[in-house]
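Summary of the model geometry
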Amino acid sequence: MKDDRNQKAFDTQMNCRTHVPMRTRLQAVLAILLLQANLALAFEPAPAQQSTQAPPAVAPDTPAPTATTAPATQPTLAQTMQQQAAVPPQQPFYVELPHSRKPFSPYRPSTAPELNLANSPRLQNLMRDGKLYISLDDAIALAIENNLDLAYFRYNFPISQTDYARTKAGGSANGVNTGIVQSSTQGGFSGGNSGGGGSSGGGAAAGAGGIVTSTLGAGTAVPSFDPFINFKGFVDHNVTQEANQSQVGVPLFKENTIEGLVYYTQSFPLGTNVNINYQGERLTNNSPYFAINPELFSNFQFVLSQHLLAGFGFATNRRYMQIAKQNMQITDLAFRQQVIATVTQVENIYWDLVNAYQDEQIKENLLAFSQKTLSDDQKQLELGAIPAMQVMKDGSDVATSEGDLTVARATLRLNELLMKNAITKTDDPTIAVMPVIPLDTKGPDNPNATKSIDDLIAQAEKKRPDAAQDEIAMQKAAQNLQSIKSTLLPTLDAYGVYAGSGTAGEKNPNCHLGADQCASDVPPGFGDMFKNTFNYTAPEYQFGINLQINLRNRQAKADQFRTVLEYRQTQITFEEQKKTIRFDVRNSQFALQQAQARVDAAQKSNDLAQRTFDITKEEQKLGAKSNYDTLVAQHALAITQSALVAAKTEYEKRKVDIDRATGETLERMGVSIDDAKTGVVSHAP
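Residues numbered from 1 in each chain as written. Predicted model: local features only at pLDDT ≥ 70, side-chain atom pairs only at ≥ 80, totals over all residues. Heavy atoms only, no water.

The next thing to look at is the pattern of salt bridges. All chains considered together, the criterion is met by 21 salt bridges. Salt-bridge contacts for R409 lead to E360; the nearest nitrogen and oxygen are separated by 3.5 Å. One end of the pair, R409, is in helix α10 (residues 388-423); the other, E360, is in helix α9 (residues 319-382), and 49 residues separate them in sequence. The exposure class assigned to E360 is buried, which follows from its relative accessible area of 9%. With its nearest N and O atoms 3.0 Å apart, the salt bridge here joins R654 to E650. With a gap of four residues between them, R654 and E650 both fall in helix α17 (residues 627-662), about one helical turn apart. (Salt bridge = Lys/Arg side-chain N within 4 Å of Asp/Glu carboxyl O. Helix = DSSP H or I, 4+ residues; strand = E, 2+ residues; numbered from the N terminus. Buried < 20%, exposed > 50% of the residue type's maximum accessible area, 1.4 Å probe, protein only.)

Structure below.
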């Protein structure tokens, strides 16, 4: 009995020292055992249906993601906005080359329609309660209608048509600038292996440290195929003092001349040239020694010439036209490449926006939890249950969370700005301060992740616009090899001339010569003179050849051989571009697989952090952990949540990049190239 009393006294003493009841001690022991068991299970992969991960909190104004268990009677905000009444579309882009049958139209300047810098009405339909709610499809549609890079590139189509029009007249091709523009879609492609569909070939021809002139389009001179007419007319009065009057019979010989000359010339692509000349004049004088006064005279000449060696054939004389046609094809392909680059950039900007938006929510949740922990510990401090140092740590944590939230909000504002810059034409003060709410948090599934590399490469070589551009560049180089051969040949022209002339005039009433000398059989009138010029009265024929031979021909030979060498360089460039495409596809596939692995790893890390947080929170309720321990676990969970969001964003961007690398961006996103050309989206992406 004494021993029992001593034992009870000892237990009472120990309970008094610790101020912890026996029940609390048992709860603590159970909590420790529970912690050990849960930590052991935490390292095992959890079944998908038993995941305890808490998704990032959603702000009140954020549209809820579509869930499989959501009732069909309550559609999401994204579905509601898609069901809104369609807004009237903006005017399509259309610039027609000047064409008129009016006689003076070719000599008057033309102008293009004024720029339309108003944002498309589609943008207004996506605004709600002072916010811009936008899905990925909306962003792409707005970019097609409003992006200034695409608006700039659309003018290349009429520019290429003007180039073709001038080559039809025999002019050289000025070329079209088909470089990809990305001025208004900055901020995308955060990954190192993303690209804009890269322009192919031709960069090496720019030269280094000097001007290099390519032999593309070189050959014999191409004449103008437009007809030219030249008219010259004058009236002349001339007085000559005669030293010997026996020549003209008067001391002062006076002449009055009225003359008109007309020249017409036109060349044809076969190497044929036509010249038609007409000259007419009327001469009067005061001499008594002329039987006819005034004298009328006219002359007609038709000259037909044909190149037989150098400059002969359609291939030589229409080479600029062929180049312009191919440039039009390249312009069309380059525009497709521009659309791919713009859509790819917009997709990347969108996923960066989603990342920034979700990261801000994570930081807001962490700050709210830190503030609640601080408030709870301040109450505990007032009761004397915890030391003051604990509250100081909580305050420091709140300050850190506030700083992280400030950075996250600044990043979100920047990504909102980048998105608005990509989908608008002009700055709107209302839109400039308007928050942008992304509606999609996950992109569509991409089957390219499971395709073999050989299938992806074959797909890229078939669909990528730059691959087709390289094919056309090879065709142009091969045609250039053929057309420049004409310059090596001597110039041999065959020509024929037909001419006729007519003379008329009235008898000179002041003729002082004899009757026979003052007599004349020429008709007196202008009509008779003109008729005799063309009625075979006084014809002239001439046929001949003109041969010119450069005995050394060094310049033409050097240019021709240089063309061969440049063709070999083009072949190397073509093979290099094919290797580049293959490397790009392989790199994109590897990056996609790597991004998927990062998502899986980040998901596991986030699951572990979530379980740790849940366990710590339960232990806090049991008294085995403090508020600060739970706050540390919450911090670790927030870090893994941010890492998971970043990994998912990178994965979406890798899916975007492999679409670009394989040339499937427009098909995968449902973008119509015809809509992109007009700047009006008539088919929803």
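Now, onward.
Bridge count between strand β6 (residues 292-307) and strand β8 (residues 491-507): 14 bridges; the pairing is antiparallel. By the bridge assignment for β8, Q306 is matched with A494. Note that β8 and strand β9 (residues 539-548) share 10 bridges and pair antiparallel. Residue pairing in the sheet places Y495 in a bridge with G544 of β9. (Pairing = 2+ DSSP bridges.)

With respect to the helices, strands and loops of the structure, N532 is situated in helix α15 (residues 526-534). Side-chain polar atoms of N532 contact the side chain of N535, separated by 3.2 Å. Beyond its immediate chain neighbours, meaning those up to four positions away, N532 contacts S501, G502, P523, T537 and A538. (Polar contact = N/O pair within 3.5 Å; in protein donor to acceptor, adjacent residues only side chain to side chain. Contact = heavy atoms within 4.5 Å.)

Attention now moves to the packing of helix α12 (residues 453-463) against helix α16 (residues 554-622). Two packed helices can be described by the angle between their axes and the distance between those axes. Contact geometry for α12 and α16: axes closest at 9 Å, N-to-C directions at 130°. It follows from the interaxial angle that α12 and α16 lie oblique. Taken as a pair, α12 and α16 cross one another with a handedness that is right-handed. Of the residues in α16, those in contact with I453, L456, I457, A460 and E461 of α12 are I581, R582, V585, R586 and Q589. Here the contact of α12 with α16 is built from residues that sort into six nonpolar, one polar and three charged. (Axes fitted to C-alpha atoms, helices over the stretch in contact; angles between N-to-C directions. Parallel < 35°, antiparallel > 145°, perpendicular 65-115°, else oblique. Left-handed = near helix turned anticlockwise from the far one by under 90°. Nonpolar A, V, L, I, M, F, W, Y, C, P; charged D, E, K, R; others polar.)

Once that is clear, we can look at the confidence of the model for the protein. In the predicted model, the protein carries a mean pLDDT of 83, and 83% of its residues have values of at least 70. Throughout residues 81-85 the model reports pLDDT below 50, and contacts reaching past four residues in sequence, or to other chains, amount to six contacts. (pLDDT = per-residue confidence, 0-100.)

Moving on to the nonpolar core. Counting 44 residues, the largest nonpolar core has I134, V339, Y350, M419, I423 and V671 as the members making the most contacts within it. Listing elements by their share of this core, those giving two or more residues are β2 (131-134), α5 (136-146), α6 (148-154), α9, α10, β7 (436-438) and α18 (665-669). Apart from the residues within four sequence positions on either side, I134 is in contact with A139, L142, Y350, M419, I423, V436, I437, P438 and L439. Counting 15 residues, the second-largest nonpolar core is a separate cluster that includes A602, L644, Y651 and A661. (Core = buried A, V, L, I, M, F, W, Y, C linked by side-chain atoms within 4.5 Å.)

Here a disulfide denotes a covalent bond joining the sulfur atom of one cysteine to the sulfur atom of another. Inspection of every chain in the model, using the stated rule, returns one disulfide. The partner cysteine of C511 in its disulfide is C518, sulfur to sulfur 1.9 Å. Measuring handedness by torsion sign, the sulfur bridge of C511 and C518 sits at about -80° and is left-handed. With respect to class, C511 is no different from C518; both count as buried. (Disulfide = S-S within 2.5 Å.)

Here we come to the side chain of T342. Here T342 lies in helix α9. The class of T342 is buried, set by a relative accessible area of 1%. Once residues within four sequence positions are removed from consideration, T342 is found in contact with N147, D149, L150 and T185.

Here helix α13 (residues 465-483) spans 27 Å end to end across 19 residues, near enough to the 27 Å set by a 1.5 Å rise per residue. Regarding α13, the residues found buried are P465, D466, A467, Q469, D470, I472, M474, K476, A477, N480, L481 and S483. (Expected span 1.5 Å × (residues − 1).)

The subject of this paragraph is the sheet that holds strand β5 (residues 272-285). The six strands are arranged β3-β4-β5-β6-β8-β9 in an open sheet whose pairing can be described as antiparallel. At either margin of the open sheet sits one strand with a lone partner, and together these are β3 (228-241) and β9. Averaged over all pairs of adjacent strands, the angle between strand axes in this sheet comes to 15°, irrespective of strand direction. For strand β4 (residues 252-268) and β5, the ladder comprises 14 bridges, and the chain directions are antiparallel.

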